[in-house]
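Given next are the chains, with one letter for each unit.
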Amino acid sequence: MNWGSGAEFFSMGGYGFYVWGSFLVTAACLAAEPLLLAARRRRALERLQAERQRHEAAA
Amino acid sequence: MKPRHKRLALIGGGLAALAVAAALVLNAFQSNLVFFFSPSQIAAGEAPRDRAFRVGGLVQAGSVKRNPEGLTVNFVVTDTAKDITVVYTGSLPDLFREGKGVVAQGKLGADGVFRATEVLAKHDENYMPPDAQHALEQAQKAQKSLRTP
Amino acid sequence: MSNRLINWFRYGSPQSFYPLAGRMVPWFAAAAAVTGAAGLWIAFFVAPTDAQQGEAYRIIFVHVPASWLSMFLYIVMACWAGLGLVLNTRLSAMMAHAIAPTGAMFAFLSLWSGALWGRPTWGTYWVWDARLTSELVLFFLYLGYMALNAAIDDPRRADRASAVLALVGVVNVPVIYFSVKWWNTLHQGASVSLTRAPSMAATMLTGMLVMAIAFWMYSIAVALMRVRSIMLEREAHTDWARELKESAA
């Protein structure tokens, strides 16, 4: 174990801004991408539903 | 030749031509891609005289002299063959250490002293815990003392 | 032989790959979560402090995996794009499009974490040395690839044009990798290479490799998610898409 206390863990030996700045932005990007993809899938399925209805109306 | 094979050949040929072109361009730009010059290159007159450039090498152990008033620092940059004295006023990066890599930007004066406007630390690709480094240094010292009895 | 070729082409068609990709996503996502958690644990609680850089070196656990993935994903993307160009299959171009945004994200993260690492260690967020510049070129290649795709209305023409761009850009990947050998750079050489033993303590190396596996699994999961949406968007007018038992609810 490297850290004596929580405060020590967050300060990262004085480099907290740089270390957490890297890890948090990475985490935010990796979390945002699947959410954006879920939204994209929902839109695609809605359009597909509209396409189905058009097709049925034409048939 | 089937159309698919013809297309494949065309793409392959195009890529090969591009690769050759890129290699030539990179080769031509080689001189401009030099991020820093070593003290030996400077001694050989390869560095520009009239404009700012960067010098890179190791900070010679024991050469760092800090001016008691102000932030001015003198140190010697060496590539073990040649060396050059650097004068710099300003704050130094955390990893600026004697015996470690450094890259300084500035101009070479007529007196052969390099007046730096920016000093960057260049660290190596070794990562190890402090006790391991301590052990390594001890081992190197022991080896040295064996070689020069 | 001909049978196997037919089979291969069958899986290369969107209607058979769509459900297969859907079944694979949760497995790769779970693998990414498990390896990611293990990697973070090693990065912060197992790997020791670095002798020279103190705690600042811990940025390596996101910086190096993100940089590796940005280069690796570019090569995979270019392979799919090239395959699409030569074989003219629908799935190949869709796979290339699905990889591009994730690759661009990792290129961005490599530059971002590199800047935050450079400031406390080198003393600067950015320098125009060969390694940093060529990684920035990689980021722009991804953006250019996506912009070209978005700019051309006819999807088949967009596929071909962007595939050529992707293939041309492959030249940049070895330039990034070898830049620290070919030129004097501020960026240090590689800590991990195929030709010699890694210059890192074992636990640090383990943490980095586990994080790299996590990013890799993540990339596969999101690329498969994205390719499924691309298939639905592009093939909404086809019978197989209309007959899917899936809806937005």
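Conventions used here
- Residue numbers restart at each chain and count upward from 1, following the sequence in its written direction.
- As they are written, the chains are lettered A onward and the ligands numbered 1 onward, keeping that order.
- The predicted origin of the model limits local features to residues at a pLDDT of at least 70 and limits the giving and counting of side-chain atom pairs to 80 or more, whereas totals for whole chains, interfaces and linings rest on all residues.
- As a rule here, side-chain values cover all heavy atoms of the structure and leave hydrogens and water aside.
- Any pair of residues with heavy atoms lying within 4.5 Å of one another is described as a contacting pair.
- Buried area counts how much accessible surface, traced with a 1.4 Å probe, disappears from two parts once they are put together, with both parts' losses summed.
- One side-chain nitrogen of Lys or Arg within 4 Å of one carboxyl oxygen of Asp or Glu is enough to make a salt bridge.
- Counting of polar contacts relies on pairs of N or O atoms within 3.5 Å, with two restrictions inside protein: one atom must be capable of donating a hydrogen and the other of accepting it, and residues adjacent in sequence are counted only when both atoms are side-chain atoms.
- Put simply, DSSP marks the helices as runs of H or I at least four residues long and the strands as runs of E at least two long, and each gets a number from the N terminus on.
- Here the nonpolar core consists of buried residues drawn from Ala, Val, Leu, Ile, Met, Phe, Trp, Tyr and Cys, with membership extended through side-chain atoms lying within 4.5 Å.
- Buried means the residue's accessible area, taken with a 1.4 Å probe over protein chains only, is under 20% of the maximum for its type, while exposed means over 50%, and partly exposed covers the values in between.
- Planes of paired rings set the category: under 30 degrees apart is stacked, over 60 is edge-to-face and the rest tilted, where pairs are Phe, Tyr or Trp rings (Trp by its six-membered ring) whose centres lie within 6.5 Å.

Thoughts on the interface of chain B and chain C
Logical step 1: At the junction of the two partners, chain B supplies 34 residues and chain C supplies 41 residues.
Logical step 2: Between chain B and chain C, the buried area comes to about 3300 Å², and carbon and sulfur atoms account for 60% of it.
Logical step 3: At the junction of chain B with chain C, the criterion picks out 0 salt bridges.
Logical step 4: Linking chain B with chain C are 15 residue pairs in polar contact (both at pLDDT 80 or more).
Logical step 5: At the level of elements, α1 (3–29), β6 (114–122) and α3 (130–147) of chain B are the ones that each hand at least two residues to the side of chain B that touches chain C.

Quick word on the nonpolar core
Logical step 1: One finds Ile 60, Phe 61, Tyr 74, Met 77 and Phe 106 of chain C to be the most contacted residues of the largest nonpolar core, which totals 65 residues.
Logical step 2: At the level of secondary structure, the elements contributing two or more residues to this core comprise α2 (16–58) of chain A together with α2 (14–46), α3 (60–87), α4 (90–121), α5 (130–151), α6 (155–169), α7 (172–182) and α8 (202–234) of chain C.
Logical step 3: Core analysis: the next-biggest nonpolar cluster, separate from the first, contains 20 residues, Val 25, Leu 91, Val 227 and Met 231 of chain C among them.

A short note on the packing of aromatic side chains
All names here are of chain C.
Logical step 1: Inspection of the entire model under this criterion finds 28 aromatic pairs over all chains.
Logical step 2: Consider the rings of Trp 41 and Phe 45, whose centres lie 4.6 Å apart with planes at 35 degrees: the pair is tilted. Of this pair, Trp 41 and Phe 45 both sit in helix α2, separated by 4 residues, roughly a single helical turn.
Logical step 3: On the accessibility criterion, Phe 45 (23% relative accessible area) is partly exposed.

Brief notes about the side chain of Ser 13 of chain C
Logical step 1: Looking at where Ser 13 of chain C falls in the secondary structure, it is placed in the loop between α1 (2–11) and α2.
Logical step 2: A polar contact is formed between the side chain of Ser 13 of chain C and the side chain of Ser 16 of chain C, at a distance of 2.9 Å.

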